[in-house]
Amino acid sequence: MKAGNIVKFKNVIDAGDEDIRMVVLEDADRERVLVEALMGMNFNPTYRYNVEDLEVCDTTRSTVLH
């Protein structure tokens, strides 16, 4: 994963997580990556996730409004 990629969760655990899209803020450092959730807020939350829990999206099919 590289900075600028749009990603989503590979395996959805909580209801609604299937619609969450995030932008990668930094290139992945081996196991973890810093992402910003695209929630449409003034200040979107940032998180660190394991790379293995995320996958790069085909952004042409995103249903989430950014």
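Keep in mind the model is a prediction, meaning the values are calculated, not measured.

> So what about the environment of Lys 8? Which residues, and what values?
Structurally, the position occupied by Lys 8 is in strand β1 (residues 6-9). Counting along the chain gives ten residues from Lys 8 to Glu 18, while the straight-line C-alpha distance between them is 7.4 Å. Beyond its immediate sequence surroundings of up to four residues, Lys 8 is in contact with Ile 20, Arg 21, Met 22, Asp 53, Leu 54, Glu 55 and Cys 57.

> Before we move on, could you go through the nonpolar core and cite the residues and values that matter?
Membership of the largest hydrophobic core is limited to nine residues, which are Val 7, Phe 9, Ile 20, Met 22, Val 24, Val 33, Val 35, Ala 37 and Leu 54. At the level of secondary structure, the elements contributing two or more residues to this core comprise β1, β2 (22-24) and β3 (32-37). A total of three residues in this core trace back to one element, the largest contributor, which is β3. Setting aside anything within four residues of it in sequence, one finds Met 22 in contact with Asn 5, Ile 6, Val 7, Lys 8, Phe 9, Val 35, Glu 36, Ala 37, Leu 38, Tyr 49 and Leu 54.

> Summarise the packing of aromatic side chains; cite the residues concerned and give the values.
Using the criterion set out here, one finds two aromatic pairs in the structure. Considering the side-chain rings of Phe 9 and Tyr 49, the 5.2 Å spacing of their centres and the 85° angle between planes classify their relative orientation as edge-to-face. Note that Phe 9 is positioned in strand β1 and Tyr 49 in strand β4 (residues 46-50), a separation of 40 residues in sequence. Assessed through its relative accessible area of 15%, Phe 9 is described here as buried. Note on Tyr 49: relative accessible area 21%, which makes it partly exposed. Centre to centre, the rings of Tyr 47 and Tyr 49 are 5.6 Å apart; their planes meet at 35°, and the pair counts as tilted. Three or more aromatic residues link up through ring pairs in this structure, and these residues are Phe 9, Tyr 47 and Tyr 49.

Reading the values: the criteria
Residues numbered from 1 in each chain as written. Predicted model: local features only at pLDDT ≥ 70, side-chain atom pairs only at ≥ 80, totals over all residues. Heavy atoms only, no water. Helix = DSSP H or I, 4+ residues; strand = E, 2+ residues; numbered from the N terminus. Contact = heavy atoms within 4.5 Å. Core = buried A, V, L, I, M, F, W, Y, C linked by side-chain atoms within 4.5 Å. Buried < 20%, exposed > 50% of the residue type's maximum accessible area, 1.4 Å probe, protein only. Phe/Tyr/Trp six-rings, centres within 6.5 Å; stacked < 30°, edge-to-face > 60°.

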